[in-house]
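Coordinate inspection notes
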Amino acid sequence: MVDKIKVGGVIQNDQLACIGVLAMKDRPGIAAAVLDALGERGINVQFVVQVIDHEGNDQMVLCVDRGDLPAALMAVDALRSGLQPAAVHPLPEVAAIAIFGPDFRERPGIAGRMFRALAGRGINILAISTSISTVNCIIALADLKVAYTAICEYFDVP
């Protein structure tokens, strides 16, 4: 049995779709262009991660409500000539699962423990975002229930 670490709770969202906008040449304004285009269409981005890879390309992963996926893909498609992504990759059925505070910056190992809990159940993490009080993972929708159970085995959840 694992010694459980107390957390403030677990947040789940089973209504997400994910879009990867991949291998764009890095330059200022890419995130602004994508997020502005979505915002102008009334699409709320609930999760976004952007990183520059070893070849100097931007990789952006974002999540929107599943019902907004077609409109979000149209918005990104309208930017293709300016962004010139190597690929736009939609995943229509993903979920977010997160643990939250209190104040994780004073508690080393929280993220690793969450990732170990998911890996132990064979759950692949598609994207990660953290803050001082939250560790958030995007996973396949089909894995959400098992992910919650795994987290509850590793953490003291209220």
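The structure under discussion appears in the preceding block.
Attention here is on the structure that accompanies the text.

The rules behind each value
- Residues numbered from 1 in each chain as written.
- Predicted model: local features only at pLDDT ≥ 70, side-chain atom pairs only at ≥ 80, totals over all residues.
- Heavy atoms only, no water.
- Pairing = 2+ DSSP bridges.
- Helix = DSSP H or I, 4+ residues; strand = E, 2+ residues; numbered from the N terminus.
- Buried < 20%, exposed > 50% of the residue type's maximum accessible area, 1.4 Å probe, protein only.
- Core = buried A, V, L, I, M, F, W, Y, C linked by side-chain atoms within 4.5 Å.

One ladder, built from 11 bridges, connects strand E2 (residues 9-25) with strand E5 (residues 87-100); its direction is antiparallel. What sits directly across from Ile11, in E5, is Ala98. Looking at chain direction, E5 and strand E7 (residues 134-140) are connected through 7 bridges and run antiparallel. Paired with Ala96 across the bridge in E7 is Ile138.

Once that is clear, we can look at the environment of Ala78. Topologically, Ala78 is positioned in helix H2 (residues 69-78). A residue is classified by how much of its surface remains accessible, and Ala78, at 53% relative accessible area, is exposed. Here the alpha-carbon distance between Ala78 and Lys6, two residues 72 residues apart in the chain, equals 45 Å.

One broad trend across soluble globular proteins is that nonpolar side chains are buried collectively. Formed by 21 residues in total, the largest nonpolar core has its most connected members in Ile97, Ile99, Met114, Ile139, Ile151 and Phe155. Those elements giving two or more residues to this core turn out to be E5, helix H4 (110-120), E7 and helix H5 (144-154). It is H5 that provides the largest number of residues to this core, a total of 5 residues.

From the geometry alone we can't say anything about function, so treat these as descriptive.
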